[in-house]
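# Structural overview for review
Now for the letters of each chain:
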Amino acid sequence: SGPYDIVVANIVADVIIPLAKDVRRYLKTGGTFIASGIIEMRIDEVKEAIEKEGFEILEIKKENDWYCIISK
């Protein structure tokens, strides 16, 4: 069902990048998309894919070798 306030994808960049094209249909207007499980060498690529789909990146967090992108 849906739409949802938050959609979270904690998985590899190869899944997050194509998912960015479809995630809006699951989000309420103004909803938050959180993408995590991203390694450093792929963060720019994932960020670009998310922004290309019209999301505004609010924050990028790093813990150890893993990144998380929070966007609306």
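Above this text you will find the structure in question.
Read on for a plain summary of the structure.

What counts and what doesn't
Residues numbered from 1 in each chain as written. Predicted model: local features only at pLDDT ≥ 70, side-chain atom pairs only at ≥ 80, totals over all residues. Heavy atoms only, no water. Helix = DSSP H or I, 4+ residues; strand = E, 2+ residues; numbered from the N terminus. Rg over C-alpha atoms; globule rule 2.2 N^0.38 Å. Contact = heavy atoms within 4.5 Å. Areas by Shrake-Rupley, 256 points an atom, 1.4 Å probe, with all protein chains shown as cover. Pairing = 2+ DSSP bridges. Axes fitted to C-alpha atoms, helices over the stretch in contact; angles between N-to-C directions. Salt bridge = Lys/Arg side-chain N within 4 Å of Asp/Glu carboxyl O. Buried < 20%, exposed > 50% of the residue type's maximum accessible area, 1.4 Å probe, protein only. Polar contact = N/O pair within 3.5 Å; in protein donor to acceptor, adjacent residues only side chain to side chain.

## Here we look at the overall build of the protein chain
A count of helices and strands for the protein chain gives two helices and four strands. In the protein chain, the order of α-helices and β-strands from amino to carboxyl end is β-α-β-α-β-β. Taking 2.2 N^0.38 as the reference for a compact globule, 72 residues should give roughly 11 Å; the C-alpha atoms of the protein chain span a radius of gyration of 11 Å, in line with that estimate. Viewed in the frame of its principal axes, the protein chain has a C-alpha envelope of about 35 × 20 × 20 Å. The long-range fraction of contacts in the protein chain, counting pairs at least 24 apart against all pairs at least 6 apart in sequence, stands at 57%. Split by element, the accessible area of the protein chain, about 4800 Å² in all, is 49% carbon and sulfur.

## Quick word on the sheet that holds strand β1 (residues 4–10)
As summarised here, the arrangement of the four strands in space is β1-β2-β4-β3, forming an open sheet in which the pairing is mixed. Each edge of the sheet is formed by a strand with only one pairing partner; in this case those strands are β1 and β3 (57–63). Adjacent strand axes in the sheet meet at a mean angle of 15° when their direction is disregarded. Inspection of the sheet shows strand β2 (residues 27–39) paired to strand β4 (residues 66–71) by six bridges, in the antiparallel sense. When the sheet's bridge partners are listed, S36 is paired in β4 with C68.

## A look at the pattern of salt bridges
What the rule picks out here adds up to five salt bridges. A salt bridge links D14 to R42, with the shortest nitrogen-to-oxygen separation between them at 2.9 Å. Here the residue D14 occupies a position in helix α1 (residues 13–19), and R42 occupies one in the loop between β2 and α2 (43–52), the gap between them amounting to 28 residues. We note a salt bridge from E59 to K61, for which the minimum N-O separation is 3.8 Å. Note on E59: relative accessible area 37%, which makes it partly exposed. Salt bridges linked by common partners bring D14, R42 and E45 together as one network.

## What to know about the environment of S36
With respect to the secondary-structure elements, S36 resides in strand β2. By relative accessible area, which is 13% here, S36 ends up buried. Placed 33 residues apart in sequence, S36 and I69 show a C-alpha to C-alpha distance of 6.3 Å. Not counting the four nearest positions on each side in its chain, S36 is found in contact with A9, N10, I11, I16, Y67 and C68. A polar atom in the side chain of S36 sits 3.0 Å from the side chain of N10.

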